[in-house]
Amino acid sequence: MKTAFFTILLLLVANIFMTFAWYGHLKLQSSGISTNWPLYLVVLLSWGIALVEYSLQVPANRIGFEENGGPFSLMQLKVIQEVITLVVFTVFSVVVFKGTHLQWNHFLAFLLLIGAVYLVFMK
């Protein structure tokens, strides 16, 4: 149980960094902070943030993988990671990008994701 919790915690923190690496530069640009930055500088900033993400994501997968003594199969790890990614992205987009609004189809997509989690954990 402790390994499962630690794996999910690492995946959560890794995905927070991933979301900032992938989309944070858009907020910096819309805020006027990086408007005149050359693209290579934005890419380097994102890579630096993504390095932290990888430093958490890789250990999470190693610790959580059943062949390494963890509680999750490869498919379970992937589905958990995708659900965490979409939850983190949703919170990020609503909080950081104030104009983002959730609609009925987003909620339906989340329900389908819950179904995916259920199916991947079925024996």
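Asker: Help me get a handle on the packing of aromatic side chains, residues and values and all.
Answerer: One pass over the structure, following the stated rule, counts six aromatic pairs. Taking the centre distance of 6.1 Å and the plane angle of 85° together, the rings of Phe72 and Phe121 count as edge-to-face. Taken together, the residues span a long stretch of sequence, with Phe72 in the loop between α2 (39-64) and α3 (74-96) and Phe121 in helix α4 (residues 104-121) at a distance of 49 residues. In this structure Phe72 comes out as buried when scored by relative accessible area, which is 6%. For Phe121, a relative accessible area of 32% puts it in the partly exposed group.

Asker: Please provide a residue-by-residue account of the layout of surface pockets, values included.
Answerer: Estimated volume of the largest pocket: approximately 160 Å³. Forming the boundary of the largest pocket are Met18, Trp22, Ala50, Glu53, Tyr54, Gln57 and Gln81. Broken down by secondary-structure element, the contributors of at least two residues to the lining of the largest pocket are α1 (2-30) and α2. Residues that form the lining of the largest pocket fall into these classes: four nonpolar, two polar and one charged.

Asker: Tell me about the side chain of Ser46, and name the residues and values.
Answerer: Position of Ser46 among the secondary structure elements: in helix α2. Not counting residues within four places of it along the chain, the set of residues in contact with Ser46 comprises Ala21 and His25.

Thresholds, definitions, all that
Residues numbered from 1 in each chain as written. Predicted model: local features only at pLDDT ≥ 70, side-chain atom pairs only at ≥ 80, totals over all residues. Heavy atoms only, no water. Phe/Tyr/Trp six-rings, centres within 6.5 Å; stacked < 30°, edge-to-face > 60°. Helix = DSSP H or I, 4+ residues; strand = E, 2+ residues; numbered from the N terminus. Buried < 20%, exposed > 50% of the residue type's maximum accessible area, 1.4 Å probe, protein only. 1 Å grid on protein atoms, 1.4 Å probe; cavity = no way out; pocket = protein on both sides within 12 Å on 5 of 7 lines; lining within 4 Å. Points joined across faces, edges and corners; volume = space filled by probe spheres on them. Nonpolar A, V, L, I, M, F, W, Y, C, P; charged D, E, K, R; others polar. Contact = heavy atoms within 4.5 Å.

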